[in-house]
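As a plain string of letters, each chain reads:
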Amino acid sequence: LNRPLWSSCAMAASQAEDLSPVIDKGQSFCLNEDAAHSFGNLFIGDETLFLRSSSDDQLIILISFKDTVKLESVSFVAPIGDESPSTVKLFINNPSMDFSDCEEGKPVQALELTPEDLAADSVTNLYSVKFQRVNSLTIFVEESTGGDLTQISGLKLFGTTVQGTNMAEFKKVG
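Residues numbered from 1 in each chain as written. Predicted model: local features only at pLDDT ≥ 70, side-chain atom pairs only at ≥ 80, totals over all residues. Heavy atoms only, no water.

A few points about the overall build of the protein
Secondary structure assignment for the protein yields two helices and 10 strands. When the helices and strands of the protein are listed from N to C terminus, the series reads α-β-β-β-β-β-α-β-β-β-β-β. Working note: accessible area of the protein is about 8700 Å², and carbon and sulfur atoms make up 52% of it. (Helix = DSSP H or I, 4+ residues; strand = E, 2+ residues; numbered from the N terminus. Areas by Shrake-Rupley, 256 points an atom, 1.4 Å probe, with all protein chains shown as cover.)

So, the packing of aromatic side chains
One pass over the full model with this rule turns up two aromatic pairs. Ring plane angle 75 degrees and centroid distance 5.4 Å describe the contact between Phe39 and Phe43, whose orientation is recorded as edge-to-face. Centroid distance Phe99 to Phe140: 6.2 Å. Interplanar angle 70 degrees. Geometry classified as edge-to-face. With Phe99 in helix H2 (residues 99-104) and Phe140 in strand S8 (residues 134-144), the pair connects residues that are 41 residues apart, well separated along the chain. (Phe/Tyr/Trp six-rings, centres within 6.5 Å; stacked < 30°, edge-to-face > 60°.)

Notes on the pattern of salt bridges
Under the criterion given, the structure shown has three salt bridges. Note that Asp18 is salt-bridged to Lys156, the shortest N-O span being 3.9 Å. Here the residue Asp18 occupies a position in strand S1 (residues 17-18), and Lys156 occupies one in strand S10 (residues 154-166), the gap between them amounting to 138 residues. Glu142 serves as the salt-bridge partner of Lys89, at 3.4 Å between the closest nitrogen and oxygen. Linking Lys89 in strand S5 (residues 85-92) with Glu142 in strand S8, this pair joins segments that are 53 residues apart in sequence. (Salt bridge = Lys/Arg side-chain N within 4 Å of Asp/Glu carboxyl O.)

Comments concerning a negative patch on the surface
A cluster of acidic residues, Asp56, Asp82, Asp98, Asp101, Glu103, Glu104 and Asp148, forms a negative patch on the protein surface. Along the chain, the position of Glu103 falls in helix H2. For Glu103, a relative accessible area of 41% gives the class partly exposed. (Patch = residues over 30% accessible without salt bridge, like charges linked within 9 Å, V, L, I, M, F, W, Y side chains within 5 Å. Lys, Arg positive; Asp, Glu negative; His and termini not counted. Charge placed at Lys NZ, Arg CZ, Asp CG, Glu CD. Buried < 20%, exposed > 50% of the residue type's maximum accessible area, 1.4 Å probe, protein only.)

In structure tokens:
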């Protein structure tokens with residue numbers, strides 16, 4: 001089950017906004033991406049530009065935020081077919097995960113995406129109580145719907161910023 005059992009009215013009342021402005025693109029990346037179809041394409045808003053996996057259907061997408069955020073929902077856009085993402089696991093605040101960590105670790109939430117979930121106007125609600133203070137989000141695309149590769153043409157995250165925490169202003173000490 002990938003949708004919480006609360007009404008869309010509760011979502012609207014929470015003032016969720018597109019979190020694209022607080023994504024730290026310089027600290028965000030993707031593992032197993034095809035160099036010709038890279039991670040940066042997810043945020044352009046043009047479905048002809050897309051992210052595609054390289055050697056198999058698995059992807060790790062790390063999203064780092066400039067501010068601490070509360071995540072409420074996510075929107076994946078992908079063409080319908082064998083390369084659509086189907087099983088996605090979400091992890092928070094662990095920016096150094098590799099494929100074995102993602103396969104063996106317990107996600108904060110697992111999603112089974114349907115073709116309807118991948119439409120441009122579709123949003124998948126998250127269990128927002130589990131995504132209260134997020135500095136980074138690791139999105140593990142475990143498998144596609146049957147193809148050897150995975151293709152995603154858009155990604156948007158919705159929620160709110162937690163006031164007073166600009167992570168870009170922190171300096172490494174030592």
